[in-house]
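A closer look at the structure
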Amino acid sequence: MPNTRDEGQPPNQTNSTVKVEEGVNLRPYNSFGLPATAQRLVRIQQEADLRRVIDHPELGRAPKFVLGGGSNIVLTRDVEALVLKMEILGKRVVEEREDAWILEVGAGETWHEVVRWSLEQGCPGLENLALIPGTAGAAPVQNIGAYGVEIKDRIEAVEVIDLITGRPVRLPASVLAFGYRDSVFKHTGFGGLAGKSVITRVLLRCPKPWVPQLSYLDLERKMAETGITAPSAQQVFEWVCQIRRAKLPDPRQIGNAGSFFKNPVVSEEQCRDIIGRDPGIVHYPMPDGTVKLAAGWLIDACGWKGKSVGGAAVYERQALVLVNRGEARGAEVVTLARAIQESVYGRFGIRLEPEPVIV
């Protein structure tokens with residue numbers, strides 16, 4: 001059990017104490033189930049908790065590591081920075097406009113439950129993003145996406161707290177620099193917000209009228225199998241859950257971080273060259289003339305499905321997923337990932353980029 005102590009503050013500070021847990025085992029807090037310890041951890045259950053940390057004479061200056069659901073990290077060592085465990089809850093429909101419903105959710109809410117809840121409120125639009133692991137606060141950081149929808153398509157704004165001043169700010173989607181599995185929150189330096197702010201709440205925009213997004217092959221197959229050509233949002237939600245459960249391991253049973261590599265984007269010319277050598281490559285033409293390649297297909301073509309390094313392995317049912325067979329260490333996951341990268345580069349001349357953050 002971690003030790004807990006109160007960090008006192010001088011009388012002139014707004015809040016008196018911060019509850020700091022010491023020596024916290026992070027294995028339960030990362031979906032890979034990798035061993036690591038947080039030297040100090042503070043649970044952020046409301047915005048005031050975060051401001052207490054920022055106002056604290058010692059903790060306010062300490063390096064910080066923001067932890068949501070732990071579904072997008074690979075822990076290779078103990079965490080010396082102060083861990084801010086985001087647990088802010090709350091879900092509500094804040095506005096109904098002619099063109100959209102606006103929902104507000106706390107950063108600590110489980111993302112899949114947010115999707116489920118939104119449908120229960122009669123606010124469709126998030127169903128393609130069902131069963132993506134992690135928290136609502138992490139969703140815009142990574143610009144999560146699946147089956148033709150990215151979170152950038154559904155973000156109205158995010159509420160953040162500045163880690164230096166403690167000032168709350170609402171940032172509209174237009175300033176978040178969304179890209180493929182990318183956002184302003186993943187970048188340091190000028191214009192980047194990594195290490196400078198923490199998302200506390202997310203405002204989601206579910207557009208009206210609702211139009212189902214059914215262009216992905218797996219969903220087209222579901223329509224063909226069921227004979228349902230005009231599915232409801234609830235039906236799409238259930239299909240996506242079925243598809244993901246059939247392909248991807250449940251992190252509660254087999255440790256993993258979901259898709260480990262980004263799907264690489266190449267020029268049309270590069271794609272034609274690869275097709276000339278490997279006609280079966282799975283690829284998706286993009287609106288800007290580039291082509292997205294299926295990273296899982298590339299990895300599988302190099303013979304990695306089911307292979308392992310120590311306790312880390314490539315999932316036998318989906319080569320894009322690396323898993324923890326039970327006692328894997330972060331270093332083994334990284335070694336396996338690098339070997340896959342070199343193998344794919346050697347055969348296809350393409351560098352795969354990991355999705356999770358290596359810590």
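Bear in mind that the values here come from a model prediction, so they are computed numbers and not experimental data.

1. Side note on the layout of surface pockets
Its boundaries defined by the atoms lining it, the second largest pocket holds a volume of some 970 Å³. Surrounding the second largest pocket, 36 residues form its lining, Pro133, Gly134, Asp250, Pro251 and Arg252 being those nearest its centre. Residue assignment for the lining of the second largest pocket shows that the elements contributing at least two residues are strand E6 (82-86), helix H2 (111-120), helix H5 (233-247), strand E14 (255-259) and strand E20 (321-324). In terms of residue count, the dominant contributor to the lining of the second largest pocket is E14 (3 residues). Here the residues of the lining of the second largest pocket are counted per class, giving 12 nonpolar, 16 polar and 8 charged.

2. Focus on the side chain of glutamate 355
Assignment of secondary structure puts glutamate 355 in the loop between helix H8 (330-348) and strand E21 (357-358). Once you skip the residues sitting within four places of it in the chain, glutamate 355 turns out to touch Asn72, Gln142, Arg181, Lys186, Ser259, Phe260, Phe261 and Lys262.

3. A look at the sheet that holds strand E7 (residues 91-96)
With respect to topology, 5 strands assemble into an open sheet ordered E7-E8-E13-E11-E12, the strand pairing being antiparallel. Looking at which strands have only one partner, the edges of the open sheet turn out to be E7 and strand E12 (168-172). Adjacent strand axes in the sheet meet at a mean angle of 25° when their direction is disregarded. When E7 meets strand E8 (residues 100-106), the two strands line up antiparallel, connected through 5 bridges. Paired with glutamate 96 across the bridge in E8 is tryptophan 101. Helix-sheet contacts for helix H1 (residues 47-55) involve strand E11 (155-162) and strand E13 (197-207), and the interaxial angle to E11 is about 35°.

4. What to know about H8
The terminal C-alpha atoms of H8 lie 27 Å apart, and with 19 residues this matches the ideal 27 Å at 1.5 Å per residue to within 8%. The positive-phi residue at the C-terminal boundary of H8 is glycine 349, with phi of around 70°.

5. As for unusual backbone geometry
Residue proline 209 is reached from lysine 208 by a cis peptide bond, and omega for that bond is -5°. For proline 209, the position within the fold is in the loop between E13 and helix H4 (217-226). At alanine 177, a position not held by glycine, the phi torsion is positive, near 50°. Turning to its location among the elements, alanine 177 is positioned in the loop between E12 and E13. Notably, arginine 181 is not glycine yet its phi reads approximately 50°, a positive angle. Along the chain, arginine 181 falls in the loop between E12 and E13. Here arginine 181 falls in the buried class, since its relative accessible area comes to 10%.

So, how was this worked out
Residues numbered from 1 in each chain as written. Predicted model: local features only at pLDDT ≥ 70, side-chain atom pairs only at ≥ 80, totals over all residues. Heavy atoms only, no water. 1 Å grid on protein atoms, 1.4 Å probe; cavity = no way out; pocket = protein on both sides within 12 Å on 5 of 7 lines; lining within 4 Å. Points joined across faces, edges and corners; volume = space filled by probe spheres on them. Helix = DSSP H or I, 4+ residues; strand = E, 2+ residues; numbered from the N terminus. Nonpolar A, V, L, I, M, F, W, Y, C, P; charged D, E, K, R; others polar. Contact = heavy atoms within 4.5 Å. Pairing = 2+ DSSP bridges. Axes fitted to C-alpha atoms, helices over the stretch in contact; angles between N-to-C directions. Expected span 1.5 Å × (residues − 1). Buried < 20%, exposed > 50% of the residue type's maximum accessible area, 1.4 Å probe, protein only.

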